[in-house]
Amino acid sequence: IPKDSMPERYGRDLATNLACNSGNDQCLKDTFQLIKQYANDDIRIPNGLESMYCHGFRGTGKQDEFVKVWRKMQITPDTTFKTTLINGLGCTDDKDALTDYLESTLGSGASQVNYTQTERRAVFTAVLKSYSSLPVVVEFLNKFEKNLRTKYVVLFQKIRKVPMVLNSFQFHDPHLLH
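Now for a description of the structure that goes with this document. For clarity, every value in this text was computed on a predicted model and none was experimentally measured. (Residues numbered from 1 in each chain as written. Predicted model: local features only at pLDDT ≥ 70, side-chain atom pairs only at ≥ 80, totals over all residues. Heavy atoms only, no water.)

Focus on the pattern of salt bridges
Right, on to step 1. Summed over the entire model, instances satisfying the criterion amount to four salt bridges.
Right, on to step 2. Of the charged contacts in the structure, one is a salt bridge between lysine 72 and aspartate 42, with a shortest N-O distance of 3.0 Å. Taken together, the residues span a long stretch of sequence, with lysine 72 in helix 4 (residues 63-75) and aspartate 42 in the loop between helix 2 (25-41) and helix 3 (51-57) at a distance of 30 residues.
Right, on to step 3. According to the relative accessible area criterion, aspartate 42 is partly exposed, its value standing at 49%. (Salt bridge = Lys/Arg side-chain N within 4 Å of Asp/Glu carboxyl O. Helix = DSSP H or I, 4+ residues; strand = E, 2+ residues; numbered from the N terminus. Buried < 20%, exposed > 50% of the residue type's maximum accessible area, 1.4 Å probe, protein only.)

Here is the structure:
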């Protein structure tokens, strides 16, 4: 919405986040319509409203739009917009789509994408922040542990350090880590 002032834009984004995060059906339907417009007609959601890409993918039955937006993300030369799309795609509730999206970062299989190291980490982080992603991420980590050592060098080093960091804290209840 080009004529909106900056406070109006961010106020609208904040209101949308509150409504969609609380599960408001109309909010989720409206943001999905914006995703469909981008997927089918290349009409971008206005700047300042990037979270709409995320909310638009929440729910089920959005596989066609997911694939179309994923393809557009791969070919866009605009790195800022590409990051917006990477983050939005990570919000899908479709476990198969999340699995394909994560596996595409390994550069093998049916969904090969030539991600940069930064984009690869962005995909992983976007999926990790998704509402329904934890089982998918755990399965991905277990299934591709060896591949992750080469593709996610920095991330894997950080993941390996998590138990060390947790063990370095003094907990009152030693059962918290077990």
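Comments concerning the state of the cysteines
Right, on to step 1. For the coordinates displayed, the defined rule picks out two disulfides.
Right, on to step 2. The disulfide partner of cysteine 20 is cysteine 27, and the S-S distance across this bridge is 1.9 Å. Judged by the torsion about the S-S bond (-90°), the cysteine 20/cysteine 27 disulfide is left-handed. The residues cysteine 20 and cysteine 27 share a single accessibility class, namely buried.
Right, on to step 3. Covalent S-S linkage joins cysteine 54 and cysteine 91, the inter-sulfur distance amounting to 1.8 Å. One disulfide, between cysteine 54 and cysteine 91, carries an S-S torsion of -100° and so falls in the left-handed class. Of this pair, cysteine 54 sits in helix 3 while cysteine 91 sits in the loop between helix 5 (79-89) and helix 6 (95-103); the two residues are 37 residues apart in sequence, bridging distant segments of the chain. Each member of the pair, cysteine 54 as well as cysteine 91, carries the same accessibility label: buried.
Right, on to step 4. When the cysteines engaged in disulfides are numbered in sequence order, the protein chain pairs them as 1-2, 3-4. (Disulfide = S-S within 2.5 Å.)

Quick word on the packing of helix 6 against helix 7 (residues 117-128)
Right, on to step 1. In contact at an axis separation of 9 Å, helix 6 and helix 7 are set at 155° when each is read in the N-to-C sense. Between helix 6 and helix 7, the crossing angle belongs to the class labelled roughly antiparallel. The interaxial crossing formed by helix 6 with helix 7 has left-handed handedness. In this structure, helix 6 uses Leu98, Tyr101 and Leu102 to contact helix 7, whose residues at the interface are Val123, Phe124 and Val127. (Axes fitted to C-alpha atoms, helices over the stretch in contact; angles between N-to-C directions. Parallel < 35°, antiparallel > 145°, perpendicular 65-115°, else oblique. Left-handed = near helix turned anticlockwise from the far one by under 90°. Contact = heavy atoms within 4.5 Å.)

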